[in-house]
Amino acid sequence: MQFTARDISFLLNGTIEGDASATVNRLAKIEEATEGALSFLANPKYESFLYTTQASVVIVNKDQVLTEPVTATLVRVDNAYSSFAVLLEKYNSIKLNKSGIEQPSFIHPSAKIGEDVYVGAFAYIGPNVTMGDNCKIYPNCFIADNVTLGNNVTLFPGVTIYFDCVLGNNVTIHSGAIIGADGFGFAPQPDGSYQKVSQIGNVVIEDDVEIGSNTTVDRATMGSTIIRKGVKLDNLIQIAHNVEIGANTVVAAQTGISGSTKIGERVILGGQVGVVGHINVANGSQVQAQSGISRNIIDEGKKWMGSPATGYSDHMRSQVVINRLPELEKRIQELEKIIKEFKK
Amino acid sequence: MQFTARDISFLLNGTIEGDASATVNRLAKIEEATEGALSFLANPKYESFLYTTQASVVIVNKDQVLTEPVTATLVRVDNAYSSFAVLLEKYNSIKLNKSGIEQPSFIHPSAKIGEDVYVGAFAYIGPNVTMGDNCKIYPNCFIADNVTLGNNVTLFPGVTIYFDCVLGNNVTIHSGAIIGADGFGFAPQPDGSYQKVSQIGNVVIEDDVEIGSNTTVDRATMGSTIIRKGVKLDNLIQIAHNVEIGANTVVAAQTGISGSTKIGERVILGGQVGVVGHINVANGSQVQAQSGISRNIIDEGKKWMGSPATGYSDHMRSQVVINRLPELEKRIQELEKIIKEFKK
Amino acid sequence: MQFTARDISFLLNGTIEGDASATVNRLAKIEEATEGALSFLANPKYESFLYTTQASVVIVNKDQVLTEPVTATLVRVDNAYSSFAVLLEKYNSIKLNKSGIEQPSFIHPSAKIGEDVYVGAFAYIGPNVTMGDNCKIYPNCFIADNVTLGNNVTLFPGVTIYFDCVLGNNVTIHSGAIIGADGFGFAPQPDGSYQKVSQIGNVVIEDDVEIGSNTTVDRATMGSTIIRKGVKLDNLIQIAHNVEIGANTVVAAQTGISGSTKIGERVILGGQVGVVGHINVANGSQVQAQSGISRNIIDEGKKWMGSPATGYSDHMRSQVVINRLPELEKRIQELEKIIKEFKK
């Protein structure tokens, strides 16, 4: 893709200063940009970069005052930051604008495929799959029997969806994520071995959910593991069977949520957090990275930390004393010595 | 799949109350069931659901007394719970009853394939692979040179088995699990760089093992990484090179076991546990979630917690005091003040 | 592969004692070897195994004195350990010596492919990919648009490289690793939902890097996530957007590094470590397993432990007292009692 300053100015309804025919073919930060890059300056703090940048074109605010000569072509707009965000999204959507059915791919004759979809080579669409419009199924994806996808679903390469799962509209799943594998259910036997408990439920993912690379969401034993509208899951997360995650909750990488636990709405879980099974975590809870939640959280909107987790400020107070423990022990010894003297 | 109450009654040797031609096409919990679902009532505590359920057919105990009218067709059996478990397993095995060789798949001419196997499209069976009967190799799986699989092995979509690995009978591996990638072995060099240590061993997985999604089991440097009979591994677990895991041990999600460590039999490791390398963990040990095992565990059947882990009850006692540390420090200050007064 | 003692002796410039026509077809530890195996004895401590081993051929040091009869054929060399390492590497490179383009694979006509490459079946090479010589792309790999690979790059089965990423020479990536998926960037909206921030940067991986199974390295929001020369990453690691990892740094399994953090050179991070975003970790830092790094580390070459991490020896001192906390509390109570008596 190649654009001139004139193209960009037209697109953003801006005005040009400098060479209108300057061409760019990529986006870059103003301080890292090289020739052929398009950049932007929104924060006046970084004005000095404007005079040293190698970018060919820079988007600036309408009212940006220049105090030194500039070599880049400038495109002046009302709001440089939001204009750049517009370009960024457009750029991304052009990049990801795949379409058509590549060969060889496997589409079962009983599958119902919507309009304007992309199915990459080596993708597998199983029996009775229903897929909405504008879906993009990248190469090496696997969609099992009876899965339903809404509109505008994107599965990046190598995503696996087990049978019977249901995905809403505008769901994006990154490479290597596994949706609907068996929950970890085994019944202990008298001889010390374990017998498999069949996992016949499914996973339901509502609209506007994004799921990161290599994250695993297990199917329910019966019923559904549910990821509500607007949830964002980072990479390498474990969601166990029969978990429910409330709307607009955000979970950072490598966190694990055990079976049948219900996470509320607008919760924020940091990275590497663990949550035990069969509990509830209240709406708006915020849990620091590496914490372990071992019991119900009932009060909404509180901060938690530690393993097992306690209130954030309680935890920080204890933590400070922990670092002084050896000194504290010496003070106790000192007191004991004095008391012993007194007693004599 | 569609069944009538009559079919189900016949299969379970039960008796029918209500419309024998009522049809069902799925299983559901009694409180969540909708029309067309088959459900069961085993626990008398939930009797009230029997009168409100939307299920079309419900399996109940022979001696279940009705105190209100029921709209669903009832199938009475000796034991509703175990009858339902029978159906559940049958349902699951029908769902997973794939067979035949789908095209395009890649089967090297030197591979020996047993009877009644399923090989999905885009699956890759390398040179000199030996595969037993009734194996199911789903799409996008990769089985490298010289791998041996027993009978009844199921590899869900996207499983990778590196060369020379050996799997026993009735092994189930979920999507994205990687068996036999190189162990993490690098020798530090004088210039600060690292030289790769070739990893030429393999992974041996005995009978009746189940391995979860995106779990990684590394090959041994030399010899074998061994997963003994009946072991169950959850998702996103790391098993390093030359580890051995004893029979019937269960490991929860996101736990990591470092190189050359030997875990005993009937051990239970919680989620996000870490175990250092080159140690032994005694038979029957139980380790709480997020613990770190940093030295040999010699006594069998004990509970462990914390990072580094100590005995469970010791840990809990210390934990309680940690939460009181700020208060404890104040009490020490108070004592020091009083002593100072005394001294005067 | 089958070799005689004579072949091996010739290759290593050694001398034979025993049957020169003894054949071997695999490598094994001396204490585990069975007939047909080649082994070595370097450490005199293990001499006794020489008299009991079932190996067909054993490599020993030139000056090894025998005190009992030996059944295996011996090959005497200057240094048994380094001779065996040579064989081990040769053995491994023969095992992995795949070549040619298998069918069906997908290579976009605009891709530029070097000489002597291997492209496995079901591998996908997208538009405008540039690939150097001697690359091995195993089955089910996906390489997106505009990706650049240097020479001698090995991607084991099922590796995914998103668009625009750049890999140097001698890079090895194990199965299931995902390079260049979107960073976790979402802007909170007034209604509690989140809006995606387009991630248009890439990942740059320099020469001699090895990356383990199912590890995820996210693309930068803008600019590059950078893995410097000689870095070794174990399995199931999370590297967030805009992270930079310095040359020859080693990271153990299941560790996570948050966005925009810069890890120095020759750093060692243990397993399950977490590092927060937007900080620097000094060159040569060593971080114990399960630690949490929550702030800048400025001093080079120090050891760290705990969550949040403190200096290693400070942490160990506090840890010792933590285990004595219940006893400590009793001592305080005792002092309070005595003081109370005094006061009376």
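Treat the numbers as computed from the prediction; the structure is a model and nothing was measured.

Trainee: Any chance you could explain the overall build of chain A here in plain terms?
Mentor: When helices and strands are tallied, chain A shows five helices and 40 strands. A compact globule built from 344 residues would reach a C-alpha radius of gyration of about 20 Å, whereas chain A, at 28 Å, exceeds it by more than 25%. The principal-axis extent of the C-alpha atoms belonging to chain A is close to 90 × 70 × 30 Å. The proportion of buried residues among the 344 residues of chain A is 59%. Counting only contacts in chain A whose residues sit at least 6 apart along the sequence, the fraction spanning at least 24 positions is 17%.

Trainee: What exactly am I supposed to notice about the packing of helix H4 (residues 312–323) of chain A against helix H5 (residues 325–343) of chain A here?
Mentor: Packed helices, taken two at a time, are described by their axes: the angle between them and the distance between them. All names here are of chain A. Between H4 and H5, the shortest axis-to-axis distance is 5 Å and the interhelical angle comes to 65°. Taken together, the axis directions place H4 and H5 in an arrangement best described as roughly perpendicular. Taken together, the residues of H5 that come into contact with H4 (itself represented by Val 321, Ile 322 and Asn 323) are Leu 325, Pro 326 and Leu 328. Its residues assigned to classes, the contact of H4 with H5 shows five nonpolar, one polar and no charged.

Trainee: Can you walk me through the side chain of Ser 9 of chain C in this structure?
Mentor: Relative to the helices and strands, Ser 9 of chain C resides in helix H1 (residues 5–12). For Ser 9 of chain C, a relative accessible area of 7% puts it in the buried group.

Trainee: Any chance you could explain the side chain of Glu 244 of chain C here in plain terms?
Mentor: Take Glu 244 of chain C: it is sitting in strand S30 (residues 244–245). Setting aside chain neighbours within four positions, we find Glu 244 of chain C in contact with Ile 226, Arg 228, Thr 261, Lys 262 and Ile 263 of chain C.

Trainee: Quick question: what am I supposed to make of helix H5 (residues 325–343) of chain B here?
Mentor: Since the α-helix advances by 3.6 residues per turn, residues separated by three or four positions end up pointing in the same direction. Between its terminal C-alpha atoms H5 of chain B stretches 27 Å, which fits the 27 Å expected from 19 residues at 1.5 Å a residue. As for H5 of chain B, its buried residues are in contact with H4 and H5 of chain A, helix H4 (312–323) of chain B together with helix H5 (325–343) of chain C.

Trainee: Could you clarify how one ought to interpret the interface of chain B and chain A in this entry?
Mentor: Many analyses report the size of an interface as the accessible area lost when the parts associate. Each partner contributes to the interface: chain B provides 57 residues, whereas chain A provides 65 residues. Each partner contributes to the roughly 4700 Å² buried at the junction of chain B and chain A, and carbon and sulfur atoms together form 63% of this total. Three residues, Phe 122, Gln 290 and Glu 329 of chain B, lead the burial of chain B against chain A; their summed loss comes to 12% of the area buried on that side. Scanning the region where chain B abuts chain A turns up four salt bridges.

Trainee: Teacher, can you tell me more about the pairing of strand S5 (residues 37–41) of chain C here?
Mentor: Taken residue by residue, a regular strand's side chains alternate between the two faces of the sheet. All names here are of chain C. For S5, the tally of buried residues reaches five of five residues, placing the bulk of the element in the interior. Where burial is concerned, the two faces of S5 agree: the one with Ala 37, Ser 39 and Leu 41 and the one with Leu 38 and Phe 40 are both buried. Two elements, strand S4 (residues 26–27) and S5, share two bridges in a ladder whose sense is parallel. By the bridge assignment for S5, Leu 27 is matched with Leu 38. Pairing of S5 with strand S6 (residues 57–61) involves four bridges; the strand directions are parallel.

Trainee: Please explain the relation of the copies chain B and chain A as it appears in this structure.
Mentor: One copy of the chain maps onto the other through a rotation about an axis followed by a shift along the same axis. Turning chain B through 119° and shifting it by 0.1 Å along the axis lays it on chain A, with an RMSD of 0.2 Å. The transformation relating the two chain copies, once decomposed into turn and shift, fits a three-fold axis.

Trainee: For this particular structure, what's the right way to read the state of the cysteines?
Mentor: Every disulfide links exactly two cysteines, by a covalent bond between their sulfur atoms. A full pass over the atoms with the stated rule returns zero disulfides over all chains. Not engaged in a disulfide, the cysteine Cys 141 of chain B finds its nearest cysteine sulfur in Cys 135 of chain B; these two sulfurs lie 11 Å apart. Looking at Cys 141 of chain B, the relative accessible area reads 0%, which means it is buried. Distance from the sulfur of Cys 165 of chain C, which forms no disulfide, to the nearest cysteine sulfur (Cys 141 of chain C) is 14 Å.

Trainee: Sorry if this is basic, but what is going on with a nonpolar patch on the surface here?
Mentor: The grouping of Phe 342 of chain A, Phe 342 of chain B together with Phe 342 of chain C at the surface amounts to a nonpolar patch, some 240 Å² of accessible area in total. By the secondary structure assignment, Phe 342 of chain A is in helix H5. The exposure class assigned to Phe 342 of chain A is partly exposed, which follows from its relative accessible area of 33%.

Trainee: What's the story with the sheet that holds strand S31 (residues 250–251) of chain B in this structure? I'm lost.
Mentor: Strand pairing in a sheet takes place through backbone hydrogen bonds and is either antiparallel or parallel in direction. Residue and element names in this part refer to chain B. Strand order across the open sheet formed by 12 strands is S8-S11-S14-S17-S20-S25-S28-S31-S34-S37-S39-S40, with mixed pairing between neighbours. Across the chains shown, the open sheet's two edge strands, defined by having one partner strand only, are strand S8 (100–101) and strand S40 (310–311). In the sheet, strand S28 (residues 232–233) pairs with S31 via two bridges, with the strands oriented parallel. Among the inter-strand pairings, Lys 232 is bridged to a residue of S31, identified as Val 250.

Trainee: Whenever I open this one, the environment of Gly 176 of chain B confuses me. Can you help?
Mentor: Residue position: Gly 176 of chain B is located in the loop between strand S20 (172–173) and strand S21 (178–181). Gly 176 of chain B sits in the buried class, given a relative accessible area of 11%. Sequence separation between Gly 176 of chain B and Leu 155 of chain B is 21 residues, and the spatial gap between their C-alpha atoms is 9.7 Å. Other than its neighbours up to four places away in sequence, Gly 176 of chain B contacts Ile 178 of chain A, Pro 157, Gly 158, Val 159, Asn 214 and Thr 215 of chain B together with Asn 214 of chain C.

Trainee: Would you take a moment to explain the interface of chain C and chain A for this structure?
Mentor: Contacts between chain C and chain A engage 65 residues on the former and 57 residues on the latter. The junction of chain C with chain A conceals about 4700 Å² of combined surface from both sides, 63% of it contributed by carbon and sulfur atoms. For the chain C face of the interface with chain A, the top three residues by lost area are Phe 184, Tyr 194 and Met 222 of chain C, together amounting to 14%. The tally of links between chain C and chain A comes to four salt bridges.

Trainee: When you look at unusual backbone geometry in this model, what are you seeing that I'm missing?
Mentor: Leaving glycine out, the prevailing phi sign among residues is negative, and the prevailing peptide bond configuration is trans. Note the cis peptide between Gln 103 of chain B and Pro 104 of chain B, where omega equals 0°. For the bond from Ser 307 of chain B to Pro 308 of chain B, the omega torsion is 0°, close enough to zero to count as cis. In this structure, Asn 146 of chain A takes a positive phi of about 70° despite not being glycine. Phi at Asn 242 of chain B takes a positive value of approximately 65°, unusual for a residue other than glycine. Structurally, Asn 242 of chain B can be placed in the loop between strand S29 (238–239) and strand S30 (244–245). Taking the relative accessible area as the measure of exposure, Asn 242 of chain B reaches 18% and is therefore buried.

Trainee: Help me understand the pairing of strand S21 (residues 178–181) of chain C, please; the structure alone is not making it clear to me.
Mentor: Of the strand pairs in this sheet, strand S18 (residues 160–161) of chain C and S21 of chain C are connected by two bridges, and their pairing is parallel. Along S21 of chain C, the bridge assignment pairs Thr 160 of chain C with Ile 178 of chain C.

Trainee: Where do I start with the domain arrangement of chain A in this structure?
Mentor: Once the domains are mapped, chain A shows domain 1 (3–95) and domain 2 (100–315). With centres defined by C-alpha atoms, the gap from domain 1 of chain A to domain 2 of chain A works out at 39 Å.

Trainee: Looking at this structure, I do not really get the pattern of salt bridges. What am I missing?
Mentor: Oppositely charged side chains are able to pair whenever their charged atoms sit close together. If you walk through the whole model with that rule in mind, you get 36 salt bridges over all chains. Taking the shortest distance from any N to any O, the salt bridge between Arg 331 of chain B and Glu 336 of chain C comes out at 2.8 Å. Placement of Arg 331 of chain B in helix H5 and of Glu 336 of chain C in helix H5 is noted, with the two residues assigned to different chains. If you follow the salt bridges from partner to partner, you end up with Asp 182 and Lys 196 of chain A together with Glu 210 of chain B in one network.

Trainee: Looking at this structure, I do not really get the packing of aromatic side chains. What am I missing?
Mentor: Any aromatic ring pair is given by two values, namely how distant the centres are and how the planes are angled relative to each other. Taken as a whole and judged by the stated rule, the model has 33 aromatic pairs over all chains. Aromatic side chains Phe 122 of chain A and Phe 122 of chain C sit 5.7 Å apart centroid to centroid with 75° between the ring planes, which places their arrangement in the edge-to-face category. A residue pair is termed interchain when its members come from two chains, as with Phe 122 of chain A in the loop between strand S11 (118–119) and strand S12 (124–125) and Phe 122 of chain C in the loop between strand S11 (118–119) and strand S12 (124–125). Relative accessible area serves as the criterion here: at 0%, Phe 122 of chain C is assigned to the buried category. Note on Tyr 162 of chain A and Phe 156 of chain B: the rings are 5.2 Å apart at their centroids and 40° apart in plane angle, and the pair reads as tilted. Of the two residues, Tyr 162 of chain A sits in the loop between strand S18 (160–161) and strand S19 (166–167) while Phe 156 of chain B sits in the loop between strand S17 (154–155) and strand S18 (160–161), which places them in two different chains. Ring pairing ties together the aromatic residues Phe 106, Tyr 124, Phe 142 and Tyr 162 of chain A together with Tyr 118, Tyr 138 and Phe 156 of chain B, which thus form one cluster. Against the face of Phe 163 of chain B rests Arg 219 of chain B, its NZ or CZ located 4.1 Å from the ring centre.

Trainee: It is not clear to me how the UniProt feature "active site" (unreviewed entry) in chain A should be interpreted in this structure. Could you clarify?
Mentor: All names here are of chain A. The UniProt feature table records "active site" (unreviewed entry) at His 241. Here His 241 shows up in the loop between strand S29 (238–239) and strand S30 (244–245). Using a relative accessible area of 14% as the deciding quantity, one classes His 241 as buried. In contact with His 241, other than residues within four places in its own chain, are Gly 183, Phe 184, Gly 185, Gln 199, Asp 218, Arg 219, Ala 220, Thr 221, Thr 225, Gly 259 and Ser 260. Here the side chain of His 241 touches Gln 199 through a polar contact of 3.0 Å, side chain to side chain.

Trainee: Where do I start with the sheet that holds strand S27 (residues 224–227) of chain B in this structure?
Mentor: Residues and elements named next belong to chain B. On the basis of which strands lie adjacent, the open sheet formed by nine strands has the order S10-S13-S16-S19-S24-S27-S30-S33-S36 and parallel pairing. In this open sheet, the two edge strands, each paired with only one partner strand, are strand S10 (112–113) and strand S36 (280–281). Bridge count between strand S24 (residues 202–205) and S27: four bridges; the pairing is parallel. Pairing of Asn 202 across the sheet is with Ser 224, part of S27.

Reading the values: rules and limits
- Residues numbered from 1 in each chain as written.
- Chains lettered and ligands numbered in written order.
- Predicted model: local features only at pLDDT ≥ 70, side-chain atom pairs only at ≥ 80, totals over all residues.
- Heavy atoms only, no water.
- Helix = DSSP H or I, 4+ residues; strand = E, 2+ residues; numbered from the N terminus.
- Rg over C-alpha atoms; globule rule 2.2 N^0.38 Å.
- Buried < 20%, exposed > 50% of the residue type's maximum accessible area, 1.4 Å probe, protein only.
- Contact = heavy atoms within 4.5 Å.
- Axes fitted to C-alpha atoms, helices over the stretch in contact; angles between N-to-C directions.
- Parallel < 35°, antiparallel > 145°, perpendicular 65-115°, else oblique.
- Nonpolar A, V, L, I, M, F, W, Y, C, P; charged D, E, K, R; others polar.
- Expected span 1.5 Å × (residues − 1).
- Buried area = accessible area lost by both parts, 1.4 Å probe.
- Salt bridge = Lys/Arg side-chain N within 4 Å of Asp/Glu carboxyl O.
- Pairing = 2+ DSSP bridges.
- Least-squares fit on C-alpha atoms with pLDDT ≥ 70 in both.
- Disulfide = S-S within 2.5 Å.
- Patch = residues over 30% accessible without salt bridge, like charges linked within 9 Å, V, L, I, M, F, W, Y side chains within 5 Å.
- Areas by Shrake-Rupley, 256 points an atom, 1.4 Å probe, with all protein chains shown as cover.
- Domains from an automatic or database assignment.
- Phe/Tyr/Trp six-rings, centres within 6.5 Å; stacked < 30°, edge-to-face > 60°.
- Lys NZ or Arg CZ within 6 Å of the ring centre and 35° of its normal.
- UniProt positions renumbered as here; feature names shortened; annotations may be inferred.
- Polar contact = N/O pair within 3.5 Å; in protein donor to acceptor, adjacent residues only side chain to side chain.

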